[in-house]
Amino acid sequence: MMNHFMILAVLLPLRTCHTTYSQQESDVFPVTYLNVSKDLDLQRLLVEWDVVKSAHDAELAISFEIQVRRTNEVVWTEFRNVTLDKLGKPLHWTWDSNIPLECMSHAVRIRSKAETSKIWSQWSLWETLPGLDTSNRSGPQIFPKEKVLAEGSNITLCCIGGKGQTIKEFSVYPTVDVVKRTKSQVRLLTVGNLSHDKGSNIHVYCSDEDKGSHEAAFFVGKPPDTPKDFSCQTQDMKRVTCTWRKEETYLYGRNSPQYTLSKTSSQKMALCEASCPEQCSCSWDIGQQRIWNVTVTVENPLGKKSATDVFDVKHRVYPTAPFQVWEDCRDTEMTLHWNYKNTEIELFCQTEVVQPDGKVELHNSSVADSRRVTVRGLRPHTEYTARVRCAAARHFWRWSEWSQPLTARTKEGTPSGKLDIWREITPVFGGRNVTLFWKQTPSFQANGKIISYEVTWEKIEDDSQPESISFSSVYNSTRIFLDNHSYRISVMAKNNVNFSLPSILIISRATDNSTEELKEGQVNGTDDGIFLSWEPRSIYDSYIIDWCNFPRLQPCDLQWKRFGPNISSAVISSAAFVPGVRYKFHIYGSVASRASLLEKKIGYLKELPPHLDPIVRKVDLTYNSVTLSWDSYLTNESEPGFVRGYHVYVSPIQGNCNLKGSKKHILSDESELCKYTIENPEEKRYTVKHLMPNTKYKIVVKAFTGGGETPIVNFRYIDTPYNSNMLYFIFLLVIVPMLVAAICHWKMKWVKEWCCPVIPSPNKSKVLSFKEFKMDSEKVLKINDCLPDTLAVDSNADAHNPVTWSPVSSTPTEDNTDGHNSSWIYSSENVARDFPPTATPQTHTCFENFAYSSPLGAESDPYQIPETLEAGKINQAVVLYQPQCYIDIFHEDAASAIRETGERKNSLKYISQTDVCWLGGRL
């Protein structure tokens, strides 16, 4: 029992699954019919298929999955939902290929699924359209065939090589954006963003290994646009002409746009054949039909456009241009006449009159269908250009074309306005020569051809008869002689009709014109001319300025210009003004035709540098300055500008210039100068300071105007002298010391003895070499053993009064006024050691030589007498120095002893002591 239930439990689910599967299988509707074709012109696949009839009968909603395969690769998959109907018609689907269908084989398959089912049907078999890559080919071929391509589009080209051959070259000319892809015997080439700028034709070339080749051409252009300015009109109510603007498509020949004009209701029948040289037009006879609805269609291989116009012929009247235009003129008006062809249409016309200055005036005819118009307010003897056009009077559509222009001249009339006259007065003996000038002003109208001018003059003070003279129209001036009285002068112009109004000028008496000489003021030029200003006076009703256009010629071409009473400045301009020429201006005030000179001005349109440099006549040099003097600069009328001052340029020949108070000036050759500016043109002298002595300088003086100065060409060279003060200082500082030094060197011995006498030094004497006697470990010389060499004796009377000393006492009998040690007097036997014996006793005088005890002793002589030194012991109590006693040198017998002493000195070469004392006094 248990087993039975287990079997039922297993079989029951299996039965349920089988039933469900069988039911779903019955909801699948496979494709029963599939057909694929191609449209090579559009490179499009056309797919047609169908399912079983029961699906149509059930009007099922079915989904289809469609796949496209190129060679062995699926390149497209698309799902499409369709609701079937009972009619049982096959289903259709199209697919545009991005490469030519001829290049490769394409296949399509489809499967379906009902919306109520979850199971797809089986795929249909692949329906294949073979490409030429599988065919037997003798040479390469390019696809697609030649065609027209839209600007900005992309196209993929392919080249199929001959059977068994590989493509060797596949190229495009001219060069465009290309993406190449290669696949065995089929090579693909994609050209993107096509443009007519690179040529309306694209040429493609393909070749294979067997040297077979193929070429193709493609045309790039634009699809047509809707025709612009499309409208229709009639000129004679018999024939209608439609026009529109031609658009550029860059396609020509058989690919150029084709225009068709037809009734909108029946576009298959063309009304006319369009002609498009510049603007397209098409005409046809309208017969009795008045209301029209027409359409123009433009078509080329890339597309088609159209435009429509609906109109009433009566409202589209475009008359023909008037013809046979002629005129009837008077002095101030002109009547124009014309004809036109449209006699059945009521027209009104418009006249265009062109003035001599180019101004255009339009005049409309006041009466419909009138064929003439009168134009008034014209100027006499003036040439005008006129033309006429017309339009429908009742239903205005547009103006006709203009008639041929007509040129006509009005008749002469009386001159209007007055001549502008002026005068130039030159005093002569017995009166004045008055030169009269006249000219036509803008306000003067000749109104004809001027044939002559008439000049009349008469005295103002009396009733004398006026005088007059007539001149041909070729003259604009004359000269007449007037005495010193006041005169009224008038000038009139005459044409073939009449005289103009007279222009009056009053010439005052000669005495009235005598005025003091006016000073000339300087004026400046501007970009527009020469600027003048004057002081206004309320008494004058106008001002006149005159000048000569060519002041250096005769006649000078006198010119003048008038200004109102409220004007006090003006810019005078003339085509004859040139730079560098001085112009003179006279400013007059005028009242009641009587002129008075007010001011004089001189000036230049543009000043130029002076022609010549100042001539330096004198140069004064010092060691540190130079003073230049030059002649007065001539400032006559021939000068090209007003001299404003002078520039002085200085520079040393070697090095740059940096003088105090100057400015640097760089020449064209990069050399540097010092520049001094003198702003007074009357100055004729200048001093350049702070120069260096004994230096060569180059210097030049240049005059300058408002136009500058001429380039520096020639310099003057100067040499500054030496500085005498510096030479004197150098002499004192160097030469004098050198002379003194030379003299000192030459007399060195004398100078040394005079300035620095030599004193023996006891410390260097050989006397100290004795060792027998010392005091406190110092060597002591016994003066008793050293004999002086020289003795100087004063001849004073004191020498005959010696001071006596006691042999036992050291106290003198008389005080020594000098404070020195006293001399000793001994008997003759004590001092007779060095002298020969005498028969009779003599009186001796003793002297003290202080040099041996003085601390100021000079250097000792190395040649001392050794015999004067005696060895022996000396008692400490004995006086160290004892004066030596000599014979009385004042006696006659002592002369030999003195001479002997001098000889001794010379033989020993002993240098004398500086001081020798006699009885305690200095010699």
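**Student:** Looking at this structure, I do not really get the overall build of the protein. What am I missing?
**Tutor:** Scanning the protein from terminus to terminus reveals five helices and 57 strands. For the protein, buried positions account for 38% of its 923 residues. A separation of at least 24 residues holds for 65% of the contacts in the protein among residues at least 6 apart in sequence.

**Student:** Would you take a moment to explain the side chain of Ser 590 for this structure?
**Tutor:** Tracing the sequence through the fold places Ser 590 in strand E42 (residues 582-591). According to the relative accessible area criterion, Ser 590 is buried, its value standing at 5%. Residues within four places of Ser 590 in sequence aside, it is in contact with Tyr 540, Asp 541, Ser 542, Ile 544 and Ala 595.

**Student:** It is not clear to me how the packing of aromatic side chains should be interpreted in this structure. Could you clarify?
**Tutor:** Pairs of aromatic rings are described using the distance from one ring centre to the other and the angle between the two planes. As enumerated under the stated definition, the model contains 23 aromatic pairs in all. Pairing Phe 348 with Trp 399 gives two aromatic rings, centres 5.1 Å apart and planes at 65°, and the pair type is edge-to-face. Of this pair, Phe 348 sits in strand E25 (residues 347-354) while Trp 399 sits in the loop between strand E28 (383-392) and strand E29 (406-409), and the two are 51 residues apart along the sequence. Taken together, a centroid distance of 5.5 Å and an interplanar angle of 70° make the contact between Phe 396 and Trp 399 edge-to-face. Among the aromatic residues, those joined into a ring-pair cluster are Trp 534, Tyr 540, Tyr 543 and Phe 563. Between Arg 371 and the ring centre of Tyr 340, over which it is positioned, the NZ or CZ distance is 4.3 Å. Lying across the ring of Tyr 318, Arg 398 places its NZ or CZ 6.0 Å from the centre.

**Student:** Sorry if this is basic, but what is going on with the state of the cysteines here?
**Tutor:** A covalent bond bridging the sulfur atoms of two cysteines is what the word disulfide describes. Inspection of the entire model under this criterion finds eight disulfides. Each sulfur of the disulfide joining Cys 232 and Cys 242 lies 1.8 Å from the other. Across the S-S bond of Cys 232 and Cys 242 the torsion is about 105°, and the bridge reads as right-handed. Residue Cys 232 is located in strand E16 (residues 228-234), and its partner Cys 242 is located in strand E17 (residues 239-245); the two are separated by 10 residues in the primary sequence. Classification of Cys 232 as buried rests on a relative accessible area of 0%.

**Student:** Whenever I open this one, unusual backbone geometry confuses me. Can you help?
**Tutor:** In terms of backbone geometry, most residues other than glycine have negative phi values and most peptide bonds are trans. Going from Phe 143 to Pro 144, the amide bond is cis rather than trans, its omega being 0°. Locating Pro 144 in the fold gives a position in the loop between strand E8 (141-143) and strand E9 (148-150). Residues Gln 554 and Pro 555 are joined by a peptide bond in cis, for which omega reads -5°. Looking at the element boundaries, Pro 555 is found in the loop between strand E39 (542-548) and strand E40 (558-563). Its identity is not glycine, yet Glu 59 carries a phi of approximately 45°, on the positive side. With respect to the helices and strands, the residue Glu 59 is situated in the loop between helix H2 (53-57) and strand E3 (61-70). With a phi angle near 65°, Ser 593 is a residue other than glycine that sits in the positive phi range.

**Student:** Explanation requested: the nonpolar core in the structure shown.
**Tutor:** One recurring pattern in soluble globular proteins is that nonpolar side chains are buried together. Judged by nonpolar contacts, the single largest core of 41 residues is most densely connected at Phe 230, Cys 242, Leu 261, Trp 284, Val 294 and Trp 338. In this structure, Phe 230 is in contact with Cys 242, Thr 243, Trp 244, Leu 261, Val 294, Val 296, Ala 307, Thr 308 and Asp 309, ignoring residues within four places of it in sequence. Membership of the second largest hydrophobic core comes to 23 residues, among which are Phe 29, Val 31, Ile 66 and Ile 110.

**Student:** Hey, could you run me through the pattern of salt bridges in this one?
**Tutor:** Pairs may arise between side chains of opposite charge once their charged atoms sit close together. On inspection of all chains with the given rule, the structure shows 24 salt bridges. With its nearest N and O atoms 3.3 Å apart, the salt bridge here joins Lys 459 to Asp 483. In this pair, Lys 459 is assigned in strand E32 (residues 452-459) and Asp 483 in the loop between strand E34 (477-482) and strand E35 (487-494), connecting sequence segments 24 residues apart. Across the pair Arg 617 and Asp 631 runs a salt bridge, and its minimum N-O distance is 2.6 Å. Here Arg 617 is found in strand E44 (residues 616-621), whereas its partner Asp 631 is found in the loop between strand E45 (626-630) and strand E46 (643-652), with 14 residues between them in sequence. Residue Arg 617 is classed as exposed on the basis of its relative accessible area of 58%. Via salt bridges that share partners, Asp 229, Arg 245 and Glu 247 belong to a single interconnected network.

**Student:** Help me understand the environment of Thr 435 in this model?
**Tutor:** Inspection of the secondary structure puts Thr 435 in strand E31 (residues 431-439). For the pair formed by Thr 435 and Thr 478, sequence separation is 43 residues and the distance between their alpha carbons is 5.7 Å. With near-sequence residues (within four places) excluded, Thr 435 lies in contact with Trp 422, Arg 423, Glu 424, Thr 478 and Arg 479. At a separation of 3.4 Å, a polar atom in the side chain of Thr 435 contacts the side chain of Arg 479.

**Student:** Whenever I open this one, the sheet that holds E31 confuses me. Can you help?
**Tutor:** Consider a sheet: its strands pair through backbone hydrogen bonds, and that pairing is either parallel or antiparallel. Sheet architecture is open: three strands sit in the order E30-E31-E34, paired in antiparallel fashion. Only two strands of the sheet have a single neighbouring strand rather than two, namely strand E30 (420-428) and E34. The average undirected angle you get between the axes of adjacent strands in this sheet is 20°. Sheet topology places E30 next to E31; nine bridges connect them, and they run antiparallel. Looking at the pairing, Arg 423 lines up with Leu 436 of E31.

**Student:** Can you help me understand the pairing of strand E4 (residues 73-83) in this one?
**Tutor:** Residues in a regular strand project their side chains so that they alternate between the two faces of the sheet. Strand direction decides the pairing type here: E3 and E4, joined by 10 bridges, are antiparallel. For Arg 69, the partnering residue across the bridge sits in E4 and is Val 74. Following E3, the chain reverses through two residues before pairing antiparallel with E4; Thr 71 in that reversal takes a positive phi of roughly 60°.

**Student:** So what exactly am I meant to see when it comes to the sheet that holds E45 here?
**Tutor:** Reading across from one edge, E44-E45-E49 is the order of the three strands in this open sheet, with antiparallel pairing throughout. The sheet is open, and its two borders are formed by E44 and strand E49 (685-688), each paired with just one other strand. On average, each strand axis in the sheet is inclined to that of its neighbour by 15°, with strand direction left out of account. In this sheet, E49 lies alongside E45 in antiparallel orientation, the contact comprising four bridges. Each bridged residue has a counterpart across the sheet, and for Ser 629 the counterpart in E49 is Arg 685.

**Student:** How should the confidence of the model for the protein be read in this particular structure?
**Tutor:** Summary statistics for the protein give a mean pLDDT of 79 and a share of 76% for residues scoring 70 or more. Here residues 13-25 scores under 50 on pLDDT; set against residues more than four positions off or in separate chains, the count is one contact. Across residues 850-923, where pLDDT falls below 50, the model places 159 contacts with residues more than four positions away in sequence or in other chains.

**Student:** Is there a simple way to explain the side chain of Glu 102 in this structure?
**Tutor:** Structurally, Glu 102 can be placed in the loop between strand E5 (91-96) and strand E6 (106-114). Among buried charged residues, Glu 102 stands out as having no salt bridge; its nearest opposite-charge side chain is Lys 145, 6.4 Å away. Separated by 3.4 Å, the side chains of Glu 102 and Gln 43 make a polar contact. In this structure, Glu 102 is in contact with Leu 40, Gln 43, Gly 131, Leu 132, Asp 133, Phe 143 and Ile 160, ignoring residues within four places of it in sequence.

**Student:** Is there a simple way to think about a nonpolar patch on the surface in this case?
**Tutor:** Together, Leu 733, Val 734, Ile 735, Met 738 and Leu 739 make up a nonpolar patch on the protein surface, roughly 450 Å² of accessible area in all. In this structure, Ile 735 sits in helix H3 (residues 724-746). Ile 735 sits in the partly exposed class, given a relative accessible area of 34%.

**Student:** Explain the pairing of E42 here, please?
**Tutor:** Burial analysis of E42 places seven of its 10 residues in the buried class, the great majority of the element. Summarising the sheet, E39 and E42 pair through six bridges and their orientation is antiparallel. Among the inter-strand pairings, Ile 544 is bridged to a residue of E42, identified as Tyr 588. In this sheet, strand E43 (residues 594-604) lies alongside E42 in antiparallel orientation, the contact comprising 10 bridges. Paired with Tyr 583 across the bridge in E43 is Gly 603. Here E42 hands over to E43 after two residues, with Ala 592 in that stretch at a positive phi of 55°.

**Student:** Help me understand the environment of Leu 691, please; the structure alone is not making it clear to me.
**Tutor:** Positionally, Leu 691 belongs in the loop between E49 and strand E50 (696-705). Along the backbone, Leu 691 and Leu 659 are 32 residues apart, and their C-alpha atoms lie at a distance of 7.3 Å. Apart from the residues within four sequence positions on either side, Leu 691 is in contact with Tyr 623, Asn 624, Ser 625, Val 626, Val 650, Leu 659, Tyr 697 and Thr 720.

So, how was this worked out
All residue numbers refer to position in the chain's written sequence, counted from 1. Note on the predicted model: pLDDT of at least 70 is required for a residue's local features to be given, and 80 or more for side-chain atom pairs to be given and counted; whole-chain, interface and lining totals, by contrast, use all residues. The side-chain numbers reported here are obtained from all heavy atoms of the structure, hydrogens and water having been left aside. By definition, any uninterrupted DSSP run of H or I lasting at least four residues is a helix, any uninterrupted run of E lasting at least two residues is a strand, and each is numbered from the N terminus. When a residue's accessible area, from a 1.4 Å probe over protein chains only, is under 20% of the maximum for its type it is buried; when over 50% it is exposed; and in between it is partly exposed. Contact definition: two residues touch when any of their heavy atoms are within 4.5 Å. Only Phe, Tyr and Trp rings take part, Trp by its six-membered ring, and two of them pair if their centres are within 6.5 Å. Stacked means planes under 30 degrees apart, edge-to-face means over 60, and tilted covers everything else. Placement of a charge over a ring requires the Lys NZ or Arg CZ to be within 6 Å of the ring centre, with the centre-to-atom vector within 35 degrees of the ring normal. Note on disulfides: each one is a pair of cysteine sulfur atoms within 2.5 Å. Residues enter a nonpolar core if they are buried and are Ala, Val, Leu, Ile, Met, Phe, Trp, Tyr or Cys, with the set joined through side-chain atoms within 4.5 Å. Here a salt bridge means any side-chain nitrogen of Lys or Arg lying within 4 Å of a carboxyl oxygen belonging to Asp or Glu. Pairs of N or O atoms within 3.5 Å make up the polar contacts considered here, provided that, within protein, one atom can donate a hydrogen while the other can accept it, and that residues adjacent in sequence are counted only when both atoms are side-chain atoms. Strand pairing is defined by DSSP finding a minimum of two bridges between the two strands. Note on method: axes are straight lines fitted to C-alpha atoms, helices fitted across the in-contact stretch only, with angles between N-to-C directions ranging 0 to 180 degrees. Looking at any residue, its pLDDT shows the predictor's confidence there, from 0 to 100. In this tally, Asp and Glu contribute negative charge and Lys and Arg positive charge; neither His nor the terminal groups of the chain are included. Grouping into patches uses exposed residues only, defined as over 30% relative accessible area, and leaves out salt-bridged ones; the cut-off is 9 Å for like charges and 5 Å for nonpolar side chains (Val, Leu, Ile, Met, Phe, Trp, Tyr). Only the protein chains shown count as covering a residue, and every accessible area follows the Shrake-Rupley method with a 1.4 Å probe.

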